[in-house]
Amino acid sequence: MKRRILSITVIFFLLTAITVYSSSLITSREESEVSLSFTTEEYLADYDKLWEILDENYFYFPYLEKHGVTIEALKADTRRQLESRIHDTEGFYYLLEIMFRKMHNFAHLGVVDTAVYATYQKYYAAENVPDNGWKKVLQNPQTQAIYACLEETGTSKAVQEINNDLLPDIETSYDEEQNAVIFKISSFNDRIYERDRQMIAEYLATVDDRKIDHIIFDIRGNPGGNDKYWWDNIVGPFGGTYEWVSWCYLRDTELMQDYFFHDFQPEPVSTVQGHNVPSAVEEFGLTHYFTIPRKLSSDTVLKKELQNARRWVIIDEQVYSSADSFASFCKNTGWATLVGKRTKGDGKGVAPVLITLPETGLLVRFSGIAVESSDGGINAVTGTGPDIQLNTSNEDVYDEIYRIIQSNG
């Protein structure tokens, strides 16, 4: 069999499923100075700077307000708690985490934990990665020092343990009556990328003597992880070349200038011609746009009979981030038929930006770009819609898919 070759024509550090972005904008400490102990005034300075940056760059506040989040009240109440009862970095970390949770962590808004920080370092701060805004932030000595401390003290350890519990093996089965192979994939987490590297291809090789008309990928409940997981582990073995374009919208701010304006040279939204700009672009105050041409290509490692099997992907309201990117890829290219319910969204292969809090060095992330969904909305808001809507319970979903298969011959 040919050795599979995967090529991506988008700048690598912008296309990874994990999804990370960052900026330090203002750093109050000299690079030679690091600290692991802070005063209440320093925590408050970080908090106020965080909100200054969010107010300028995080454009989903109007959406959250419409859905019951009173932003100003939450902001003021959290600051009062910080001022009156928070005296260490662990308390500050968890106070911010709770605040963002009350904002539904919408569009990847949240504190970067130690597990995600380690992944960022792996993909954005490696020596062979070109200089970029992400790498600059991750090389900040204060940030490196505080995350080493958090790792040592076990802060955010509970989050990592929960994540590890949610990374089961791929579940595989063969339905002889329907001539269908089923893969249940619960996560695209980077920590299981290598573990799952050959699982799909190897399983298909063990059943290729049976009649296989349909291959079903069940990604319900999948919160995402790394786009590279589905590029290599799911799509790659089947081979082929796929091309599509992502439309991205953003504000012209200092933070966005640091990350996107040099490489992508966004133009004013007012100059768009021949394309229907989503109405939310104006509502969110987005001023500029750029497009990213994408290409995914690989040589197959499967027999022709398996390549010809019809592919199905089951989605639901919990499919998020890079899992939504996979669903969007299927929708844009026709790689598989999407069945189920509209996803949670915020995928499309563009990672969040990072903010460095200048005193502590803690990182906060959020999606700084609004990517257009396949049906013309904003992906973080509308998600990715299925080709075939299913409203059945989890227990009945396969029976419903089989009915669809039978009705389509």
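Refer to the preceding data block for the structure.
Everything numeric in this text was worked out from a predicted model, so none of it was measured.

Conventions and cut-offs
Residues numbered from 1 in each chain as written. Predicted model: local features only at pLDDT ≥ 70, side-chain atom pairs only at ≥ 80, totals over all residues. Heavy atoms only, no water. Pairing = 2+ DSSP bridges. Helix = DSSP H or I, 4+ residues; strand = E, 2+ residues; numbered from the N terminus. Buried < 20%, exposed > 50% of the residue type's maximum accessible area, 1.4 Å probe, protein only. Core = buried A, V, L, I, M, F, W, Y, C linked by side-chain atoms within 4.5 Å. Axes fitted to C-alpha atoms, helices over the stretch in contact; angles between N-to-C directions. Parallel < 35°, antiparallel > 145°, perpendicular 65-115°, else oblique. Left-handed = near helix turned anticlockwise from the far one by under 90°. Contact = heavy atoms within 4.5 Å. Nonpolar A, V, L, I, M, F, W, Y, C, P; charged D, E, K, R; others polar. Expected span 1.5 Å × (residues − 1). Arc of directions from axis to C-beta. Phe/Tyr/Trp six-rings, centres within 6.5 Å; stacked < 30°, edge-to-face > 60°. Lys NZ or Arg CZ within 6 Å of the ring centre and 35° of its normal. Salt bridge = Lys/Arg side-chain N within 4 Å of Asp/Glu carboxyl O. Right-handed = clockwise from strand over helix to strand, strands pointing away.

J.: Please explain the sheet that holds strand S12 (residues 363–366) as it appears in this structure.
T.: Strand pairing within a sheet occurs via backbone hydrogen bonds; the two strands may be parallel or antiparallel. The antiparallel open sheet is built from three strands, whose spatial order is S2-S12-S11. Edge positions in the sheet fall to strand S2 (110–111) and strand S11 (353–356), since each of these pairs with one other strand and no more. Taken together, the four bridges between S11 and S12 define a ladder with antiparallel strand orientation. Counterpart to Ile355 in the pairing with S12 is Val364.

J.: What is the right way to look at the sheet that holds strand S14 (residues 388–389) in this model?
T.: One open sheet holds the six strands; their spatial order is S3-S4-S5-S9-S10-S14, and the pairing between them is mixed. Each having just a single partner strand, strand S3 (171–175) and S14 make up the two edges of the open sheet. Pairing of strand S5 (residues 214–218) with strand S9 (residues 310–315) involves five bridges; the strand directions are parallel. Considered in S9, the bridge of Phe217 is made with Val313.

J.: I tried to follow the environment of Gln265 on my own but got confused; where do I start?
T.: Inspection of the secondary structure assignment puts Gln265 in the loop between helix H12 (254–264) and strand S7 (267–268). For Gln265, a relative accessible area of 59% gives the class exposed. Placed 26 residues apart in sequence, Gln265 and Thr291 show a C-alpha to C-alpha distance of 9.8 Å.

J.: Would you explain the nonpolar core in this entry?
T.: Soluble globular proteins tend to bury their nonpolar side chains together. Formed by 76 residues in total, the largest nonpolar core has its most connected members in Leu54, Tyr58, Tyr60, Phe100, Met103 and Phe260. Top element by residues in this core is helix H2 (residues 40–57). It accounts for seven residues.

J.: Is there a simple way to think about the packing of helix H6 (residues 114–124) against helix H8 (residues 141–153) in this case?
T.: Each pair of packed helices can be summarised by the angle the axes make with each other and by the distance between the axes. Running from amino to carboxyl end, H6 crosses H8 at an angle of 135 degrees, the nearest separation of the two axes being 10 Å. Classed by the angle they form, the pair H6 and H8 counts as oblique. For the crossing formed where H6 meets H8, the hand is left-handed. Residues Thr114, Tyr117 and Gln121 of H6 lie in contact with H8, whose contacting residues are Thr143, Gln144, Tyr147, Leu150 and Glu151. Residues of the contact of H6 with H8, tallied by class, amount to three nonpolar, four polar and one charged.

J.: Please clarify how helix H4 (residues 71–85) should be interpreted in this entry.
T.: An α-helical turn contains 3.6 residues, so any two residues separated by three or four positions project in the same direction. Between its first and last C-alpha atoms H4 spans 21 Å; for 15 residues at 1.5 Å apiece the expected length is 21 Å, and the two agree. Buried residues of H4: Ile71, Leu74, Thr78 and Leu82, and no others. Down the axis of H4, the sector holding all buried residues measures 70 degrees, keeping them to one side. Away from its buried face by more than 90 degrees, H4 exposes Glu72, Arg80 and Ser84. Elements in contact with the buried residues of H4: H2, helix H3 (61–66) and helix H5 (89–102).

J.: Just to check I follow, could you spell out the packing of aromatic side chains for this structure?
T.: Aromatic ring pairs: the centre-centre distance and the angle between the two ring planes describe each pair. Following the criterion strictly, the structure yields 35 aromatic pairs and no others. The ring centre of Trp335 lies 4.2 Å from the NZ or CZ of Arg311, which sits over that ring. If you follow Lys344 out to its NZ or CZ, it ends over the ring of Tyr320, 4.8 Å from the centre.

J.: Is there a simple way to explain the packing of H2 against H5 in this structure?
T.: It is at 11 Å that the axes of H2 and H5 come closest, and there the two elements cross at 30 degrees. Here H2 lies roughly parallel to H5, going by the angle between them. Of the two elements, H2 crosses H5, and the hand of that crossing is right-handed. Side by side, H2 and H5 meet where Tyr43, Asp46, Tyr47, Leu50, Trp51 and Leu54 of the first sit next to Thr89, Phe92, Leu96, Met99 and Phe100 of the second.

J.: Just checking my understanding: could you explain the pairing of strand S6 (residues 240–250) for this structure?
T.: Along any regular strand, the residues point their side chains to alternate faces of the sheet. In this sheet, strand S8 (residues 288–298) lies alongside S6 in antiparallel orientation, the contact comprising eleven bridges. In the sheet register, Ser246 faces S8, and the bridge partner there is Ile292.

J.: Looking at this structure, how should I read helix H17 (residues 397–407)?
T.: Along H17, the residues classified as buried are Val397, Ile401, Tyr402, Ile404 and Ile405. Axial view of H17: buried residues confined to an arc of 155 degrees, hence all on one face. Opposite the buried face of H17, at more than 90 degrees from it, the exposed residues are Gln406 and Ser407. Tucked inside the fold, the buried residues of H17 contact S3, strand S4 (180–184), S5, S9, strand S10 (337–340) and S14.

J.: Help me understand the pattern of salt bridges, please; the structure alone is not making it clear to me.
T.: Any two side chains of opposite charge can pair, given that their charged atoms come close. All told, the structure shown has 16 salt bridges when counted by the stated rule. One salt bridge connects Asp48 with Arg79, and the closest N-O pair in it is separated by 2.8 Å. Placement of Asp48 in helix H2 and of Arg79 in helix H4 is noted, with a sequence separation of 31 residues between them. What makes Asp48 partly exposed here is its relative accessible area of 35%. Across the pair Arg79 and Glu83 runs a salt bridge whose closest N-O atoms are separated by 3.9 Å.

J.: Which parts of the structure should I look at to understand the pairing of S9?
T.: Burial analysis of S9 places five of its six residues in the buried class, the great majority of the element. Pairing analysis gives four bridges linking S9 to S10, with the strands arranged parallel. Each bridged residue has a counterpart across the sheet, and for Val313 the counterpart in S10 is Leu338. Handedness of the β-α-β unit built from S9, helix H15 (residues 322–333) and S10 comes out right-handed.

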